[in-house]
Amino acid sequence: MLRFPRSLSSSSFIPTQLTLSRSLRQLNARSSSRCHPKSNNDDNIHRREDNQGAPLHLYKSKGQHILTNPRVLDSIVRKSHIKPTDTVLEIGPGTGNLTLRLLQAARKVVAVEIDKRMVETLHKRVAEKGFEDQLTVICKDALKTKFPQFDLVVANIPYGISSPLVAKLVYGDKPFRSATLLLQKEFARRLLANPGDSEFNRLAVNVKLVADVEFVMDVSKRDFVPCPKVDSSVVIIRPKAEIPDVNLDEWSAFTRTCFGKKNKTLGATFKGKRKVLELLRLSRTTCSTESANNGDNYDCSNNTAADDDDEEVDSDEVDCYSSSCSETQMSVFKDKIIGVLKSGGFEAKRPSKLCNKELLHLLALFNQAGIYFHDQSKPRVRDADNIELAAAFSS
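Residues numbered from 1 in each chain as written. Predicted model: local features only at pLDDT ≥ 70, side-chain atom pairs only at ≥ 80, totals over all residues. Heavy atoms only, no water.

**Overview of the overall build of the protein**
What counts, and what does not: Secondary structure counts use DSSP, requiring at least four H or I residues in a row for a helix and at least two E residues in a row for a strand, with both numbered from the N terminus. Type-normalised accessible area, obtained with a 1.4 Å probe on protein chains alone, sets the label of each residue: buried when under 20%, exposed when over 50%, and partly exposed for intermediate values. For accessible areas, the Shrake-Rupley method is used with a probe of radius 1.4 Å. Any residue's cover is judged against the shown protein chains and nothing else.
Tallying secondary structure elements over the protein gives 13 helices and 11 strands in all. Classification of the 395 residues of the protein by burial places 50% in the buried group. Summed over its atoms, the accessible surface of the protein is roughly 19400 Å², and 48% of this surface lies on carbon and sulfur atoms.

**Re the pairing of strand β7 (residues 152–156)**
As a reminder of what qualifies: The pairing criterion is simple: DSSP has to find at least two bridges between the two strands. Crossover handedness is defined here as right-handed if the route from the first strand over the helix to the second strand goes clockwise, with the strands pointing away from the viewer.
Among the five residues of β7, five are classified as buried, and the element is accordingly described as predominantly covered. Side chains L152, V154 and N156 project from β7 onto one buried face, and the interleaved V153 and A155 project onto a second face that is buried too. As paired strands, β7 and strand β8 (residues 178–184) are joined by five bridges and run parallel to one another. When the sheet's bridge partners are listed, V153 is paired in β8 with A179. Taken together, β7, helix α5 (residues 162–170) and β8 constitute a β-α-β crossover, and its handedness is right-handed.

**Here we look at unusual backbone geometry**
Although it is not a glycine, H81 adopts a positive phi angle of roughly 55°. With respect to the helices and strands, the residue H81 is situated in the loop between α2 (70–79) and β4 (87–91). According to the relative accessible area criterion, H81 is exposed, its value standing at 57%.

**Here we look at the pairing of strand β11 (residues 232–239)**
The element β11 is extensively covered by neighbouring structure, given that six of its eight residues are classed as buried. Note: β8 against β11, six bridges, orientation antiparallel. The partner of T180 across the bridge, within β11, is I236. Taken together, the eight bridges between strand β9 (residues 211–219) and β11 define a ladder with antiparallel strand orientation. The residue of β11 that forms the bridge with D212 is R238.

**Focus on the environment of E250**
Applicable threshold: Every residue pair with non-hydrogen atoms within 4.5 Å of one another is taken to be in contact. Counting of polar contacts relies on pairs of N or O atoms within 3.5 Å, with two restrictions inside protein: one atom must be capable of donating a hydrogen and the other of accepting it, and residues adjacent in sequence are counted only when both atoms are side-chain atoms.
Assignment of secondary structure puts E250 in helix α8 (residues 248–259). E250 sits in the buried class, given a relative accessible area of 2%. Distance in space between the C-alpha atoms of E250 and D375 is 8.2 Å, their sequence separation being 125 residues. Leaving out residues up to four positions away in the same chain, E250 has contacts with L363, N367, I371, Y372, F373, H374 and Q376. A polar atom in the side chain of E250 sits 3.1 Å from the side chain of N367.

**Focus on the sheet that holds β8**
Note the threshold: Axis definition: a line fitted to C-alpha atoms, over the contacting stretch in the case of helices. Angles run 0 to 180 degrees between N-to-C directions.
Read across the sheet, seven strands follow the order β6-β5-β4-β7-β8-β11-β9 without closing on themselves; strand pairing throughout is mixed. Each edge of the open sheet is held by one strand with a lone partner, namely β6 (135–138) and β9. Strand-to-strand twist in this sheet, taken as the mean axis angle between neighbours without regard to direction, amounts to 20°. Packing against the sheet, helix α6 (residues 185–192) makes contact with β8, β9 and β11, and its axis sits at approximately 35° to β11.

**What to know about the environment of A253**
Among the structural elements, A253 can be located in helix α8. Counting along the chain gives 121 residues from A253 to H374, while the straight-line C-alpha distance between them is 5.9 Å. Excluding its chain neighbours within four sequence positions, the residues that come into contact with A253 are F373 and H374.

**As for the nonpolar core**
Quick note on the threshold: Note on terminology: a nonpolar core comprises buried Ala, Val, Leu, Ile, Met, Phe, Trp, Tyr and Cys residues joined through side-chain atoms within 4.5 Å.
In this structure, I237 and F366 are the most contacted members of the largest nonpolar core, which totals 64 residues. Once residues lying within four places of it in the same chain are set aside, the contact partners of I237 are V166, V170, F176, S178, A179, L181, L191, A211, D212 and V213.

**Describing the packing of helix α7 (residues 202–210) against α8**
A pair of packed helices is characterised by two quantities: the angle between their axes and the separation of those axes. Filter applied, for reference: Small angles under 35 degrees read as roughly parallel and large ones over 145 as roughly antiparallel, with 65 to 115 read as roughly perpendicular and the rest as oblique. Here is the rule for handedness: rotate from the far helix to the near one, and if that takes an anticlockwise turn smaller than a right angle the crossing is left-handed, while a clockwise turn gives right-handed. Basically, the charged four are Asp, Glu, Lys and Arg, the nonpolar ten are Ala, Val, Leu, Ile, Met, Phe, Trp, Tyr, Cys and Pro, and anything else, Gly included, counts as polar.
Interaxial distance between α7 and α8 falls to 10 Å at its minimum, and their mutual angle equals 155°. Considered as vectors, α7 and α8 are oriented roughly antiparallel to each other. Seen along the crossing, α7 lies across α8 with a hand that is right-handed. Across the interface between the two elements, R202, V205, N206 and L209 from α7 touch L248, W251, S252, T255, R256 and F259 from α8. Taken together, the residues of the contact of α7 with α8 break down into five nonpolar, three polar and two charged.

**Focus on the pattern of salt bridges**
Selection rule: Within this document, salt bridges are pairs made up of a side-chain nitrogen of Lys or Arg and a carboxyl oxygen of Asp or Glu, the two lying within 4 Å of each other.
One pass over the structure, following the stated rule, counts 10 salt bridges. Where K271 meets E347, a salt bridge forms, and the shortest distance between an N and an O atom there is 3.5 Å. Of the two residues, K271 is situated in helix α9 (residues 266–271) and E347 in the loop between α12 (327–343) and α13 (356–368); the sequence distance between them amounts to 76 residues. Judged by relative accessible area, K271 falls into the partly exposed class, the value being 38%. Given a relative accessible area of 23%, E347 falls into the partly exposed group. Salt bridges here are not isolated pairs; linked through shared partners, they connect K185, R189 and D218.

Rendered as structure tokens:
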């Protein structure tokens, strides 16, 4: 009896996962954009890109996981609602599995990829399909690159840059209709969290100030090569047509204070000596700056102590400043803070339970009382390439 090799013993042969992965890599037809999660044992993974055996190293530490499920890729493109006239921004296209689908749906794709090896493979695949005139590739770090104008973002991004990249998009100066992002599942849950949820923190607060987030679907870790340790999720972020009129630096510093201990009552947070000293100093600086700008000879000494140092607050400065403050000044200012909390009914409330409307109201009450969280004398320069605000997205 003639016996076929095990891998060819049936006309209905279904390749094993290992055989499938090798075939995909050899044919270069299933290479795809990179995913995100970090992993250990990460920097020695070899993948074949063609039959000649030239190696393409995939670095797990850089989030290089190739998406191989065509149904997931097609669903991402479909859910993005791309118009034939759209320019799509793709961050981290990898070897182009998602890119090729975007090129079929959009007028133009701008792909930002830091890995030159990936760029070479991407150009080759796109040229073979005849889409080279529709593709622009920027071989730079997405966090340090000024994006051109675009209509949509559709991307499978490394997890390591998820937070600053989302910050750059939603707080940048480039208007866009939506961003469809494939993210680590845990990170996506934080984006989607609402007040009262265990995942609710500064990330959700800051994103929801300027955008709405919609869950699309979960994606199994088995849909990637090499297989990461965690599952992923697809979300769509849509910038709001109208956003609150609030100083973003002030908002960032305020939410940092509130969510440092998100389950602690606001009364307990603001009664601490160090926090009282910090706010006393900042409010003194702001009060002096506003008085100088208005040409007034206003004396702030009833509320604060004199301080000529207007650098950003840090622990050493707070300690130094405490020596110039009397117990009476600190007590008066502390009573002022608690008075604001009580007037709005916030003293016993916890940040993790408050919506953005309530947080904005509390910040307004503080500012109206002359209590500030950011050094107003040194406003930051903010544009699409400035990602300092990304620090506010940390939990």
